[in-house]
Amino acid sequence: MRAIFKNKYFTIFAIFFIPILLVIVVANVTIHLSTKGKTYDKIEDIPTNKVGIVLGTAKMLVEGGSNPYYTHRINAALALYKAGKIRFILVSGDNGSIYYNEPNTIKKDLIKGGIPAKKIFLDYAGFRTLDSMVRAKYIFGLENVTVISQEFHNERAIYLAEKKRLNAIGFNAKGLSGKESIKIQIREYFARVKVFIDLILNTQPRFYGERVEIK
């Protein structure tokens, strides 16, 4: 009797969970392979682009303390600009309330780091990576861009960008390893599945708006 129940539960597991697992694996492998050779760790290796887009994230962690992902993205953007690999920076992030404004916060830190304010443009409607990439193309008129984030995020952003006819490469900000990165890695697996759902459904950004010329 126990063997029958075990087989029953295994069958249920196989029917429902194995297909889900396969979808996650295929989505992740597809994005990784499609963007291979399009992200860079070293400044001397990355091609020059007019604009680098910094993808927003919170400066502070919910549990307190600074967010290392944020700090590393700021440092990566500063390094690219000072090396002459980009001439302008587009900051794309969440501006969901008067109490939370990723673009303004990032801009302040970029200015502190030595980038002139006139070289920094803000996209207040970059609520998701998809929004950031589509708006970079259709609102800010970009044909080529350097995405500045951690490698896992760059890969997803580049894949989305190219599906939306925006040529993109990525400069990899320093990431995290070990236990600190596990939660982010798990979330990324599902975020990559969402990429394909959005593409199939032709999901659009929350907002479009008037064109902005970066010059």
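For the structure itself, look to the data block above.
The paragraphs below set out a description of the structure included in this document. Residues take numbers from 1 onward in each chain, read along the sequence in its written order. Owing to the predicted nature of the model, reporting of local features is limited to residues with pLDDT of at least 70; listing and counting of side-chain atom pairs is limited to 80 or more, with chain, interface and lining totals taken over all residues. Water and hydrogen atoms play no part in the side-chain values, which are based on all heavy atoms of the structure.

## Focus: the overall build of the protein chain
Now for step 1: Numbered from the N terminus, helices here are DSSP runs of H or I no shorter than four residues, and strands are runs of E no shorter than two. Counting its secondary structure elements, the protein chain contains 6 helices and 6 strands.
Now for step 2: Element order for the protein chain, N to C, with α for helix and β for strand: α-β-β-α-β-α-β-α-β-α-β-α.
Now for step 3: For the protein chain, the C-alpha atoms occupy an extent of roughly 75 × 40 × 35 Å along the three principal directions.
Now for step 4: A burial count over the protein chain gives 43% of its 215 residues as buried.
Now for step 5: Working rule for contacts: check all heavy atoms of both residues, and any pair within 4.5 Å makes them a contact. Taking the contacts inside the protein chain whose residues are at least 6 apart along the sequence as the reference set, 76% of them involve residues at least 24 apart.
Now for step 6: Note that accessible areas follow from Shrake-Rupley with a 1.4 Å probe, and for residues the cover is restricted to the protein chains shown. Element-wise, carbon and sulfur atoms account for 60% of the exposed surface of the protein chain, whose accessible area totals about 12,400 Å².
Now for step 7: One finds the centroid of the 33 positive side-chain charges in the protein chain at a distance of 2 Å from the centroid of its 18 negative side-chain charges. Relative accessible area decides the class of each residue, using a 1.4 Å probe on protein chains only: under 20% of the type maximum gives buried, over 50% gives exposed, and in between gives partly exposed. Residues scored as charged are limited to Lys and Arg (positive) and Asp and Glu (negative), so that His and the chain ends carry no count. The atoms used to mark charge sites are NZ of Lys, CZ of Arg, CG of Asp and CD of Glu.

## Section: the environment of Val23
Now for step 1: The topology assignment puts Val23 in helix 1 (residues 2–34).
Now for step 2: Under the relative-accessibility criterion, Val23 is labelled partly exposed at 45%.
Now for step 3: Distance from Val23 to Val193, taken between C-alpha atoms, is 7.2 Å for residues 170 residues apart in sequence.

## Digging into the pattern of salt bridges
Now for step 1: A carboxyl oxygen of Asp or Glu within 4 Å of a side-chain nitrogen of Lys or Arg is what we treat as a salt bridge. Scanning all chains against the criterion turns up 10 salt bridges.
Now for step 2: A salt bridge links Asp109 to Lys59; the shortest N-O distance between them is 3.1 Å. You can see Asp109 sitting in helix 3 (residues 102–112) and its partner Lys59 sitting in the loop between strand 2 (51–55) and helix 2 (68–82), a full 50 residues away along the chain.
Now for step 3: Given the relative accessible area of 13%, Asp109 is considered buried.

## Points about the pairing of strand 2
Now for step 1: Most of strand 2 is tucked away, with 5 of its 5 residues classed as buried.
Now for step 2: Taking every second residue as pointing to the same face, both faces of strand 2 are buried, with Val51, Ile53 and Leu55 on one and Gly52 and Val54 on the other.
Now for step 3: Sheet analysis places strand 2 next to strand 3 (residues 88–92), joined by 5 bridges and oriented parallel. Residue pairing in the sheet places Leu55 in a bridge with Ser92 of strand 3.
Now for step 4: Clockwise travel from the first strand over the helix to the second, with the strands pointing away from the viewer, marks a crossover as right-handed. The handedness of the strand 2 to strand 3 crossover, carried by helix 2, is right-handed.
Now for step 5: Two strands pair under a simple rule: DSSP has to find at least two bridges between them. Of the pairings in the sheet, the one linking strand 2 to strand 5 (residues 144–150) comprises 3 bridges and is parallel in character. The partner of Gly52 across the bridge, within strand 5, is Thr146.

## A short note on the packing of helix 4 (residues 129–138) against helix 5 (residues 151–163)
Now for step 1: In this analysis an axis means a line fitted to C-alpha atoms, helices contributing only their contacting stretch, and an angle means the value between N-to-C directions, from 0 to 180 degrees. Here helix 4 crosses helix 5 at 50°, and the two axes come no closer than 9 Å. Our classification of the angle between helix 4 and helix 5 gives oblique. Handedness of the crossing formed by helix 4 with helix 5: right-handed. On helix 5, the residues that touch Thr129, Leu130 and Met133 of helix 4 are His153, Arg156, Ala157, Leu160 and Ala161.
Now for step 2: Partitioning the contact of helix 4 with helix 5 into residue classes produces 5 nonpolar, 2 polar and 1 charged. Convention used here: angles under 35 degrees read as roughly parallel, angles over 145 as roughly antiparallel, angles from 65 to 115 as roughly perpendicular, and any remaining angle as oblique. Two helices that cross are described as forming a left-handed crossing if the nearer one is turned anticlockwise from the farther one by less than a right angle, and a right-handed crossing if clockwise. Ten residue types, Ala, Val, Leu, Ile, Met, Phe, Trp, Tyr, Cys and Pro, are classed as nonpolar, four, Asp, Glu, Lys and Arg, as charged, and the remainder, Gly among them, as polar.

## With respect to the pairing of strand 3
Now for step 1: In terms of burial, strand 3 is a largely internal element, 5 of the 5 residues being buried.
Now for step 2: The alternating pattern of strand 3 places Phe88, Leu90 and Ser92 on one face and Ile89 and Val91 on the opposite face, and all of these are buried.
Now for step 3: As for the winding sense of the linkage, the β-α-β connection from strand 3 through helix 3 to strand 4 (residues 120–123) is right-handed.

## A closer look at the packing of aromatic side chains
Now for step 1: Any Phe, Tyr or Trp ring, taking Trp's six-membered ring, that has another such ring centre within 6.5 Å forms a pair; planes under 30 degrees apart are called stacked, those over 60 apart edge-to-face, and the others tilted. Taken as a whole and judged by the stated rule, the model has 4 aromatic pairs.
Now for step 2: Centre to centre, the rings of Phe88 and Phe121 are 6.1 Å apart; their planes meet at 65°, and the pair counts as edge-to-face. Placement of the pair is Phe88 in strand 3 and Phe121 in strand 4, with a sequence separation of 33 residues.
Now for step 3: In this structure Phe88 comes out as buried when scored by relative accessible area, which is 6%.
Now for step 4: The aromatic ring of Phe88 is capped on one face by Lys119, whose charged end is 4.7 Å from the ring centroid.
Now for step 5: Remark: a charge is flagged as sitting over a ring if the NZ atom of Lys or the CZ atom of Arg is within 6 Å of the ring centre and within 35 degrees of the ring normal. Arg206 extends its terminal NZ or CZ atom over the ring of Phe127, reaching a point 4.0 Å from the ring centre.

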